[in-house]
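Chain by chain, the residues:
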Amino acid sequence: MNNIKRVGVIGGGQLAWMMAGAAKALGVELVIQTPHATDPAVAFAAFTIFAPVDDSAATAELATRCDAIAFENEFINLVALMPLQEQGVLFRPRLEALAPLLDKYDQRCYLRDLGLPVPKFVALEEWGSGGVGERGSGGEYPISFPAVLKVRRHGYDGQGTFIIKDREALEATLQGLGHTPVLLEEFIPFERELAVIAARSSAGEMALYPVVETQQEEQVCRRVLVPAELDPAVTGQIEAIAHTLLNSLQAVGVFGIELFLTPTGKVLVNEIAPRTHNSGHFTLDASYTSQFEQHLRAVCDLPLGNPALKCDAAVMVNLLGYEYSHNDYLAKRQQLAQLPNSHVHWYGKSESRPGRKLGHVTVLLDGATKSEAQAVAQTLESIWYGSRSVR
Ligand code: ADP
C-alpha cells in the first residue's frame, strides 16, 4: 500500500504540465512550486506556491502540502534544500542523486569516475588578468579546436553551449560570459545523437524505453526518431550505461540520458537530465506507459509500467517559437492534427519567442523506414515553420 498521494513538483513548465495528465489517471494530486501564474502546469495543479524554483523557503512550505517532492528542472539550490531532507522531507530522487549532476563539470567527472565514456573535458579558469588556461596549469589548452565551451550551470536548450573554432573565438566568448564558470570539451563529430529514458524504482527495479535518435539544430532538439536504427551491440552498450548510472546514483524516477554515437560506432555520454526529458515526449502517445506516468509511479512507490512501444515507430517534432507573439496558432495546430495518427500537444504558453518550446507533435508510424519518418517530420515542420527559420 503506497502512502504517497500528493506529489510536490518544483517547476511548473511543460514537463510538470504533462505530468498532470498522468497524475489524474493515477489518482495522485500535484502541488507545484513555480514563479508565474501563466506557467503551463498551474491550471492543472491542486495548489500552487508562486515562487522561484530555487526558493528553499517556498519548498519548505511545499513540503507541508505533499508526501514527496519531485523535480521538473534542475535550477534548484541544492545546499539550501539539504536541511529539509535532513528534517525528513522525501525528495525523489534524493538530493544525493542530484548533487553530481547539476553542474556540467561535476557531472562529467562523476561519469568518468564511474568508468562511463565521456568526451575529453577540462574546467577553465575564469577570465582574469592572467588570461585563460587549464586549471592549475600554465595556460595551454589540453583540448584542440574545434571545441565546445559550456556554462557549468543553468544551461538548457543550447543556451550556454558554444561551438568554438579557435583560440580567438574562445577568448571572445569567455569575455562575453564574464565570470561565469565554464568547462571546455572536445568537439565530437558525431554520426548521430541518441537518447534513452530510464526509470528506476526505490526497490531498484529498472525500466528502459527504446533508444531514440535526436536531431538538434543550433543545439536545440528539433525532432526525435523512434526507435533509433542501431546495431544491437550499441543498444546493449547504452542499456549497460543506463543501468550503471541509475544504480550508482540510487536513482528514483525517470532520467534522460543523451549520447553521441561516433562514426566508428563508439558511444559517449553527453548529458544526464535527472527528470523527464524532451527526448521522451513520444512516450505519451507511442508507449504503453508514458515517461510522465513512469516518473510518478517511481516517485509514489507504484510498480513501474511497461515501457514498450505500442506501435512500430514514431516521430516527434518540437513546435518551437519563431517570432515574438501572443498568437495561439490554432489554424496550424488544426492542420497538424489532421495528419494521420498525429497527436498534437500544445503547452498553452501565453507568449511565443524564437526558440521557445510551445508544443510538440508525435506521429505514430506503421513499420516506417528512417527516410519515411524523416519525410513525416519534414511535412510537420513545413506546416509549422513554413519557410521561416527559428532564430
Ligand atoms: P543543453 O544542456 O543546453 O541541452 P548540451 O550540452 O546537451 O546542452 O548540448 C546541446 C547540443 O550541442 C547537443 O545536443 C549537441 O548537438 C551539441 N554538443 C554539445 N556538446 C557537444 C560536443 N562535445 N561535441 C559536439 N557537439 C556537442
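Residues numbered from 1 in each chain as written. Predicted model: local features only at pLDDT ≥ 70, side-chain atom pairs only at ≥ 80, totals over all residues. Heavy atoms only, no water.

1. Focus: the nonpolar core
If you look at the biggest cluster of nonpolar residues, it comprises 33 residues, and the most contacted ones within it are Leu194, Ile238 and Ile257. Elements represented by at least two residues in this core include exactly helix 5 (104-113), strand 5 (121-123), strand 9 (192-200), strand 10 (206-208), helix 7 (232-249), strand 13 (253-261) and strand 14 (267-273). Of all the elements, helix 7 adds the most residues to this core, at seven residues. In contact with isoleucine 238, other than residues within four places in its own chain, are Leu194, Val196, Val211, Leu230, Leu259 and Val267. One finds Ile4, Val7, Leu30 and Ala68 within the second-largest nonpolar core, a separate group that totals 23 residues. (Core = buried A, V, L, I, M, F, W, Y, C linked by side-chain atoms within 4.5 Å. Buried < 20%, exposed > 50% of the residue type's maximum accessible area, 1.4 Å probe, protein only. Helix = DSSP H or I, 4+ residues; strand = E, 2+ residues; numbered from the N terminus. Contact = heavy atoms within 4.5 Å.)

2. Remarks on the pattern of salt bridges
If you walk through the whole model with that rule in mind, you get 20 salt bridges. Where aspartate 301 meets arginine 92, a salt bridge forms, and the shortest distance between an N and an O atom there is 3.0 Å. Placement of aspartate 301 in the loop between helix 9 (291-299) and strand 15 (313-320) and of arginine 92 in the loop between helix 3 (78-86) and helix 4 (95-98) is noted, with a sequence separation of 209 residues between them. Aspartate 301 gets classed as partly exposed once you look at its relative accessible area, which sits at 38%. Linked by salt bridges that have partners in common, Glu191, Arg192, Glu213 and Lys370 make up one network. (Salt bridge = Lys/Arg side-chain N within 4 Å of Asp/Glu carboxyl O.)

3. Describing the side chain of threonine 48
If you trace the backbone, threonine 48 turns up in strand 3 (residues 47-50). Threonine 48 gets classed as buried once you look at its relative accessible area, which sits at 14%. Setting aside residues no more than four positions away along its own chain, threonine 48 makes contact with Ile32, Thr34 and Val42.

4. Describing the packing of aromatic side chains
In the structure shown here, the tally under the stated rule is 12 aromatic pairs. With 5.9 Å between their ring centres and 20 degrees between their planes, phenylalanine 71 and phenylalanine 91 make a pair best called stacked. Here phenylalanine 71, found in strand 4 (residues 68-71), pairs with phenylalanine 91, found in the loop between helix 3 and helix 4; they are 20 residues apart in sequence, far enough to count as distant. Each of the two residues, phenylalanine 71 as well as phenylalanine 91, counts as buried. Ring geometry for tyrosine 322 and tryptophan 384: centres 5.7 Å apart, planes at 70 degrees, overall edge-to-face. Taken together, the residues tyrosine 322 in the loop between strand 15 and helix 10 (330-337) and tryptophan 384 in helix 11 (residues 370-385) connect sequence positions 62 residues apart. (Phe/Tyr/Trp six-rings, centres within 6.5 Å; stacked < 30°, edge-to-face > 60°.)

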